[in-house]
Amino acid sequence: MLTTLKTAYTDTRAADLAWALGREPLPALAVLDLELGGSSLQLRLLGASHQVILEEEGGTCSETVACMPGSSTPLPLGVAKRLGEWEYEFAARVETLSQGQFAGRAQELLALVADHPNGLAGTFPGSPHAFTAMLAQSHEGQVRWRTWHAYPQEGRLVVTRSRVGVRMPAVV
């Protein structure tokens, strides 16, 4: 699903993004509710980036990547955490692209996500290449999602991937 977000583009620098687990739902500009492999997943586009809320019988996992005033947790390159019975993994990278590369990559990503049943993308007013996009899937008992946060004025694309799955018992 592709939508135009009716808000000012507030997170205008890739370096301003922060990461958090366990935050309450923040006001969303667009939401996509999914049922994936027995899990309820909500993809949420915020004025300042994204939030994903995963709910299963075993609990809830909330991931927020956004410009959060007062946040002391910058966007990490990688995180692995145990959340009750789950294992959570997060990874992020920043791609720096030329103006031409950026435009092509933006069009490619928006086309991929817009037509995908588990995809949500929002473009911000002012630039066709200012967007946040999210894509989710379930595979072998794990729920995974990828996100893209575009900063055309910097030529930067922040790419994240997350995975939540039931912790496997150690083999003895």
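Before reading on, note that the structure itself is shown above.
Of all hydrophobic cores here, the largest spans 37 residues; its most connected members are Leu41, Leu43, Tyr88 and Trp145. If we skip the residues at most four places from it in the chain, leucine 43 touches Ala30, Val31, Leu32, Leu34, Gln51, Val52, Asn118, Leu120, Met134 and Ala136. Of all hydrophobic cores here, the second largest spans 14 residues; its members include Ala106, Leu110, Val113 and Ala121.

This part takes up the environment of glutamine 153. Considering the arrangement of structural elements, one finds glutamine 153 in the loop between strand E11 (142–151) and strand E12 (156–166). The class of glutamine 153 is partly exposed, set by a relative accessible area of 47%. The sequence separation of glutamine 153 and arginine 93 amounts to 60 residues, and the corresponding C-alpha distance is 18 Å.

Another aspect to go through is the pattern of salt bridges. Tallied over the entire structure, the rule returns five salt bridges. Residue arginine 105 pairs with glutamate 95 through a salt bridge whose shortest N-O separation is 3.3 Å. One end of the pair, arginine 105, is in helix H1 (residues 99–114); the other, glutamate 95, is in strand E8 (residues 86–96), and 10 residues separate them in sequence. In this structure, glutamate 108 engages arginine 105 in a salt bridge whose closest nitrogen and oxygen atoms are separated by 2.9 Å. Linking glutamate 108 with arginine 105, this pair stays in helix H1, spanning three residues, or about one helical turn. Residues joined by salt bridges that share partners form a network here, namely Arg93, Glu95, Arg105 and Glu108.

Basis of the calculations
Residues numbered from 1 in each chain as written. Predicted model: local features only at pLDDT ≥ 70, side-chain atom pairs only at ≥ 80, totals over all residues. Heavy atoms only, no water. Core = buried A, V, L, I, M, F, W, Y, C linked by side-chain atoms within 4.5 Å. Buried < 20%, exposed > 50% of the residue type's maximum accessible area, 1.4 Å probe, protein only. Contact = heavy atoms within 4.5 Å. Helix = DSSP H or I, 4+ residues; strand = E, 2+ residues; numbered from the N terminus. Salt bridge = Lys/Arg side-chain N within 4 Å of Asp/Glu carboxyl O.

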